[in-house]
Structures are given as C-alpha cells and as structure tokens.
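# Chains, contacts and geometry: an overview
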Amino acid sequence: MTVPPSEASSDADVIASVLAGESNAFRFLVERYQTRAHGLAMRVLRNEEAARDAVQDAFVKAYSNLGKFEGRSSFYTWFYRLVMNQCLDAKRRDKGDRQVEY
C-alpha cells in the first residue's frame, strides 16, 4: 500500500502514487506547477485565455502520459516541454486562423 502524498512529497513520490492508481494525487503536481506553467504560457502566448488553455491541455497530456515519464529529468523539465509544445501548437493554429481580407 502506498502512502498518500502530501504537499511535502517529492515529485517522484507523487508520480508513483498516481501510477499506483491514486489518481487524486496528481492534484499535488497541478498545485505545485500551475503558477509556473501559466507564467511560461503567458510569456509565449501573451493571451490569458490561450495561456490557460495551453496549461490545461499540458496537464491533461502529462496525466495521460505519466507512465511514459522516465525520470531522466525532473518532472518540471518534462512538463515545461509539454507546456511549451502546447503554446507553440496554439501559436501555429492562431497563425493559420488569420486570414487577410481584401
């Protein structure tokens, strides 16, 4: 039986709990990194709504792919890349949505 994570738990402990079936443990990672992730997204996208969407999508991807996290870097380094990729995808979509009217 795993010990439920707390705010003081390491990322590795929280990830182990999530992978052991304690899906509610993921909220500790969300609470720990949402402010930093939002700051990153705002610097890249410069749009509050787009930044929130990018961060939310990155957390969903992180949760869905947590089993693929190998631990060769910190969780935040891996998550940072997910956030950045979501931001870049949003910028690409936004660029494609712009149409020049004559």
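Residues numbered from 1 in each chain as written. Predicted model: local features only at pLDDT ≥ 70, side-chain atom pairs only at ≥ 80, totals over all residues. Heavy atoms only, no water.

### Remarks on the packing of aromatic side chains
As enumerated under the stated definition, the model contains ten aromatic pairs in all. Between Phe26 and Phe59, the aromatic rings sit 6.2 Å apart at their centres with planes inclined by 85°, giving edge-to-face as the arrangement. Placement of Phe26 in helix α2 (residues 26-45) and of Phe59 in helix α3 (residues 48-64) is noted, with a sequence separation of 33 residues between them. Across the pair, Phe59 and Phe26 agree in class, each one buried. In this structure an aromatic cluster arises from ring pairing among Phe26, Tyr33, Phe59, Tyr63, Phe69, Phe75, Tyr76, Trp78, Phe79 and Tyr80. Geometry around Tyr76 places Arg36 over its ring, the cationic atom sitting 3.7 Å from the centre. (Phe/Tyr/Trp six-rings, centres within 6.5 Å; stacked < 30°, edge-to-face > 60°. Helix = DSSP H or I, 4+ residues; strand = E, 2+ residues; numbered from the N terminus. Buried < 20%, exposed > 50% of the residue type's maximum accessible area, 1.4 Å probe, protein only. Lys NZ or Arg CZ within 6 Å of the ring centre and 35° of its normal.)

### Side note on the nonpolar core
Ranked by size, the top nonpolar core spans 30 residues in total, and within it Phe75, Phe79 and Val83 carry the most contacts. Broken down by secondary-structure element, the contributors of at least two residues to this core are α1 (11-19), α2, α3 and α4 (75-97). In contact with Val83, other than residues within four places in its own chain, are Ala37, Leu40, Ala41 and Ala58. (Core = buried A, V, L, I, M, F, W, Y, C linked by side-chain atoms within 4.5 Å. Contact = heavy atoms within 4.5 Å.)

### Brief notes about the pattern of salt bridges
Inspection of the entire model under this criterion finds five salt bridges. Here Glu48 ties to Arg52 by a salt bridge, and the two come within 4.0 Å at their closest N and O atoms. Taken together, the residues Glu48 and Arg52, both in helix α3 and four residues apart, mark about one turn of the helix. Of the charged contacts in the structure, one is a salt bridge between Glu70 and Arg72, with a shortest N-O distance of 2.8 Å. For the pair formed by Glu70 and Arg72, the shared burial category is exposed. (Salt bridge = Lys/Arg side-chain N within 4 Å of Asp/Glu carboxyl O.)

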